[in-house]
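Below are the chains, spelled out letter by letter.
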Amino acid sequence: MADYQAPLRDMRFVLEELLDVPAQWAALPRLAGSLDADTARAVLEEAARLCAQRLAPLNRSGDEEGCQWRAEGVATPAGFAAAWRAWAEGGWVGLSGEAEHGGLGMPKALAAQVEELLNAANLSFALYPMLSAGAALTLAAHADATLRALYLPRLYRGEWAGAMCLTEPQAGTDLGLIRTRAEPDGDGSYRIFGGKIFITGGEHDLTPNIVHLLLARLPDAPPGSKGVSLFLVPKFLVEADGSLGARNAMSCGALEHKMGIKAASTCVMHYDGARGWLVGAPHQGLAAMFTMMNYERLGVGIQGLAAGERSWQNARAYARERLQGRAPGGAVAPGLSADPIVAQPDVRRMLLTMRALTEGGRAFSSYVASQLDLARDAPQPDLRAAAEARVALLTPVAKAFLTDLGLEVCVLGQQVFGGHGYIREWGQEQLVRDVRITQIYEGTNGIQALDLAGRKLVADGGALYRAFAAEMRADLDTAGEFAAPLAAALDNLDALSDWLIERGRRDPREIGAASVEYLQVFGYTVYAWLWARMARLALAREAQEVFYAEKLATARFYFARLLPRIHALSAALRSGSAVLYDVPESLL
Ligand SMILES: Cc1cc2nc3c(=O)[nH]c(=O)nc-3n(C[C@H](O)[C@H](O)[C@H](O)COP(=O)(O)OP(=O)(O)OC[C@H]3O[C@@H](n4cnc5c(N)ncnc54)[C@H](O)[C@@H]3O)c2cc1C
């Protein structure tokens, strides 16, 4: 596998030129004066160094060794514990954590790019700090002051790690089916009884303590999702001074055997009267979990983007070196035994698809991240509300579209390698195996599509959509050569949205039948908007640096070869639910 080169130039382009987030930071009281473009560059350079030097080298060995279950605890692959210490000591686990409890308080727009670097270097490793950051975010928003003071600083410092414990054998998408019980212990704590499956980082040897955030039912819980509460359940009980006490009554019964991310421990967990503490109000566990969902879902989308970036870098290097056949227009390397495959139109198609989807994905994920920052930190209520609306609408798209395209880009990279992409040596097959889970966990992509089409579009009557579409339309005047295709794509999405609102109100089956294609048309249209904006900047600066000429050429490729996908998707979507239900269930 080619050495990972952090795409710092493109990250700067997106942050500073496309979105101008340093200006946004300067206008946010929480960040003004403490963060500017230079500091952000330094943060990214340092993260890139650590990722390239410490984490990327463990990607292959971690996959081959995997995690090992032992009676005394789960062992992560060689080098992971030291890498965790290096990551934690740099303050990276608490990068966007609350300053009040020792976090660095960095905005999501910057943290999102650090997450891309981390995931591109080592997706399995990245899960441990991401889950810790997610657990900390949930505690910061919902736990009482005592729990926050005890746990947050240690999570931010990476002294302890976090895990999110939702899934049970009978309760996956439908968390209302959870059976794990929590019984009051009389001293303000609870005893947890039950089991969880698929728990990433539920048990490992990176940190002496692991903080489980777990969903369970109280004895008086109403049935379904309104009866689920959130608990903090530490592996070791914690004394008032923060020192570790007795081992809690919980254990990892087994590790799941899985397709990829083999260096991330995915645990079957047993809770046999483990002590836990309620986080937030009783029966409000799912609502509490939703606080961090927007952040986590964007984070999973970024995993797809990161794997795609790695695949694109590898494939690009390989296509320049691999000699096979002659270019159709005549030899380009007549002195060699054959031409490099990059001269073949089909290989160029694959490489440019990878590039356009990856760079478009970086622009999109950074845009969503910058809206998360505005939603949290903007002092003006109307600005905050508008950003919240955009985040609500775009989060399911970010999770599902970025990960669907992440898999496509990884598979394309594998294809560029031919048979060498299928064998282990070059790392392409690992990328395909690793990225596949991103379409499944944190709400399957089918569920994301339902969220977009059902809750965010039909139930909302289209208001969220129309506000965002107006923002995209406002850029048509400056879209130059891309104005006409962008306007047509926006007209198409408007028409599809109206069609779906009307049909979906009459018959909910229409929503589920159309949702996946709707999300994809939505995604390609948003990328077209962002590519048009990027092209405008690139056109003005084309003579300055080859970077801009490449950007412009990639924008042209996107509009010519990828945006037209919306036509097939739109036609399929409009076929409605009848073709799905005409077939009797007995034949499926
Ligand atoms: C490697 C790995 C790591 C994981 N890490 C964690 C973790 O750390 N913590 C944790 O709690 N969980 C974790 N999970 C669990 C993961 O989040 C679930 O697998 C996921 O939410 C889907 O649940 P399920 O597997 O039970 O599938 P199901 O819910 O059974 O879904 C099966 C299929 O039916 C579809 N479907 C289900 N319900 C509906 C519906 N209402 N409408 C339309 N379609 C529907 C789904 O989209 C899917 O295609 C992990 C899973 C894996 C494999």
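Residues numbered from 1 in each chain as written. Predicted model: local features only at pLDDT ≥ 70, side-chain atom pairs only at ≥ 80, totals over all residues. Heavy atoms only, no water.

A. Examining the overall build of the protein chain more closely. Counting its regular elements, the protein chain contains 19 helices and 9 strands. For the protein chain, the C-alpha radius of gyration of 24 Å lies close to 25 Å, the compact-globule estimate for 588 residues. Taken along the three principal axes of its C-alpha coordinates, the protein chain extends 80 × 60 × 60 Å. When the 588 residues of the protein chain are sorted by exposure, 58% land in the buried category. Partitioning the intrachain contacts of the protein chain with sequence separation of at least 6 by distance along the chain shows that 73% fall at a separation of at least 24. As displayed, the protein chain offers around 22,600 Å² of accessible surface, 55% of which is attributable to carbon and sulfur atoms. Each charge sign in the protein chain was given a centre, from 57 positive and 66 negative side chains, and these centres are 2 Å apart. (Helix = DSSP H or I, 4+ residues; strand = E, 2+ residues; numbered from the N terminus. Rg over C-alpha atoms; globule rule 2.2 N^0.38 Å. Buried < 20%, exposed > 50% of the residue type's maximum accessible area, 1.4 Å probe, protein only. Contact = heavy atoms within 4.5 Å. Areas by Shrake-Rupley, 256 points an atom, 1.4 Å probe, with all protein chains shown as cover. Lys, Arg positive; Asp, Glu negative; His and termini not counted. Charge placed at Lys NZ, Arg CZ, Asp CG, Glu CD.)

B. Representation of the environment of alanine 375. Topologically, alanine 375 is positioned in helix H10 (residues 345-377). Linking alanine 375 and phenylalanine 198, residues 177 residues apart in sequence, is a C-alpha distance of 32 Å. Once residues within four sequence positions are removed from consideration, alanine 375 is found in contact with Arg384, Ala387 and Glu388.

C. A look at the site of the ligand. As a structural note, the neighbourhood of the ligand is formed by 19 residues, with Met164, Thr167, Thr173, Phe198 and Thr444 the closest of them. At 2.7 Å, a side-chain N or O of threonine 444 approaches an oxygen atom of the ligand. With the chains in place, 61% of the 970 Å² that the ligand exposes on its own is no longer accessible. Applying the majority rule of atoms within 2 Å of the grid points places the ligand in the largest pocket. Counting residues per element, the ones that place at least two in the shell around the ligand are strand E1 (161-165), strand E3 (190-200) and helix H13 (445-458). (Near = heavy atom within 4 Å. Polar contact = N/O pair within 3.5 Å; in protein donor to acceptor, adjacent residues only side chain to side chain. 1 Å grid on protein atoms, 1.4 Å probe; cavity = no way out; pocket = protein on both sides within 12 Å on 5 of 7 lines; lining within 4 Å. Sits in = over half its atoms within 2 Å of the grid points.)

D. Structural context of empty space enclosed by the protein. Tallied over the full model, the rule gives 7 cavities of 30 Å³ or more. By volume, the largest cavity is sized at about 360 Å³. Lining of the largest cavity is provided by 26 residues; of these, Val93, Ser96, Lys108, Glu115 and Ala133 occupy positions nearest its centre. Mapped onto the lining of the largest cavity, the elements with two or more residues apiece are helix H6 (108-121), helix H7 (123-142), helix H9 (285-321) and H10. For the lining of the largest cavity, the leading source of residues is H7, giving 6 residues. (Points joined across faces, edges and corners; volume = space filled by probe spheres on them.)

E. Layout of the layout of surface pockets. Estimates place the volume of the largest pocket at around 1,500 Å³. Along the wall of the largest pocket there are 50 residues; nearest its centre are Thr167, Ile440, Tyr441, Glu442 and Gly443. For the lining of the largest pocket, the elements supplying multiple residues, two or more each, are H7, E3, H9, helix H11 (381-416), helix H12 (428-436) and H13. In terms of residues, the lining of the largest pocket owes the most to one element, H9, which gives 10 residues. For the lining of the largest pocket, the residue count by class is 22 nonpolar, 16 polar and 12 charged. (Nonpolar A, V, L, I, M, F, W, Y, C, P; charged D, E, K, R; others polar.)

F. Structural view of the side chain of glutamine 520. Take glutamine 520: it is sitting in helix H16 (residues 508-541). A polar atom in the side chain of glutamine 520 sits 3.1 Å from the side chain of aspartate 404. Sequence-distant contacts of glutamine 520, defined by excluding residues within four places in its chain, comprise Phe401, Asp404 and Leu569.

G. Local environment of the packing of helix H4 (residues 57-65) against H12. Running from amino to carboxyl end, H4 crosses H12 at an angle of 75 degrees, the nearest separation of the two axes being 11 Å. Classified by the angle between their axes, H4 and H12 sit roughly perpendicular to one another. Contact with H4, carried on its side by Asn59, Arg60 and Asp63, involves Gln430, Arg433 and Asp434 of H12 and no other residues of that element. In the contact of H4 with H12, the residues fall into no nonpolar, 2 polar and 4 charged. (Axes fitted to C-alpha atoms, helices over the stretch in contact; angles between N-to-C directions. Parallel < 35°, antiparallel > 145°, perpendicular 65-115°, else oblique.)

H. Just the pairing of strand E2 (residues 181-184), in detail. The sheet contact formed by E2 and E3 spans 4 bridges and is antiparallel. Note on E3: the bridge partner recorded for alanine 182 is isoleucine 192. The turn joining E2 and E3, which pair antiparallel and follow one another in sequence, is formed by 5 residues; a positive phi near 90 degrees is taken by glycine 186. (Pairing = 2+ DSSP bridges.)

I. Molecular detail of a nonpolar patch on the surface. A contiguous nonpolar patch, built from Val579, Leu580 and Tyr581 and spanning about 310 Å² of accessible area, is present on the exposed surface. With respect to the secondary-structure elements, tyrosine 581 resides in helix H19 (residues 578-581). (Patch = residues over 30% accessible without salt bridge, like charges linked within 9 Å, V, L, I, M, F, W, Y side chains within 5 Å. Salt bridge = Lys/Arg side-chain N within 4 Å of Asp/Glu carboxyl O.)

J. Structural detail: the environment of glutamate 183. Within the secondary structure, glutamate 183 sits in strand E2. Here the alpha-carbon distance between glutamate 183 and leucine 255, two residues 72 residues apart in the chain, equals 27 Å. Apart from the residues lying within four places of it in its own chain, the contact partners of glutamate 183 are Ser189, Tyr190, Arg191 and Phe193.

K. Quick peek at helix H8 (residues 145-156). Compared with the 16 Å implied by 1.5 Å per residue over 12 residues, the 16 Å span of H8 between its first and last C-alpha is a close match. Of all the positions in H8, only Leu147, Leu150, Tyr151, Leu152, Pro153, Arg154, Leu155 and Tyr156 are classed as buried. Where the residues of H8 are buried, they touch H7, E1, strand E4 (210-216), strand E5 (229-234), strand E6 (236-238) and strand E9 (266-279). Downstream of H8 by a residue or two, glycine 158 has a phi angle that is positive, lying close to 75 degrees. (Expected span 1.5 Å × (residues − 1).)

L. Structural detail: the side chain of glutamine 371. With respect to the helices and strands, the residue glutamine 371 is situated in helix H10. Setting aside chain neighbours within four positions, we find glutamine 371 in contact with Ala387, Arg390 and Val391.

M. Quick peek at the packing of H6 against H10. Direction vectors running N to C along H6 and H10 enclose 140 degrees, while the axes themselves pass 7 Å from each other. For the pair formed by H6 and H10, the contact residues are Lys108, Ala109, Ala112, Gln113 and Glu116 on the first element and Arg362, Ser366, Ala369, Ser370, Leu372 and Asp373 on the second. Looking at the contact of H6 with H10 residue by residue, the class counts come to 4 nonpolar, 3 polar and 4 charged.

N. Inspection of unusual backbone geometry at higher detail. Even without being glycine, histidine 283 reaches a positive phi, approximately 65 degrees. Within the fold, histidine 283 resides in the loop between E9 and H9. With a relative accessible area of 18%, histidine 283 lands in the buried category. Look at glutamate 442: it is not a glycine, yet its phi comes out positive at around 60 degrees. Topologically, glutamate 442 is positioned in the loop between H12 and H13.

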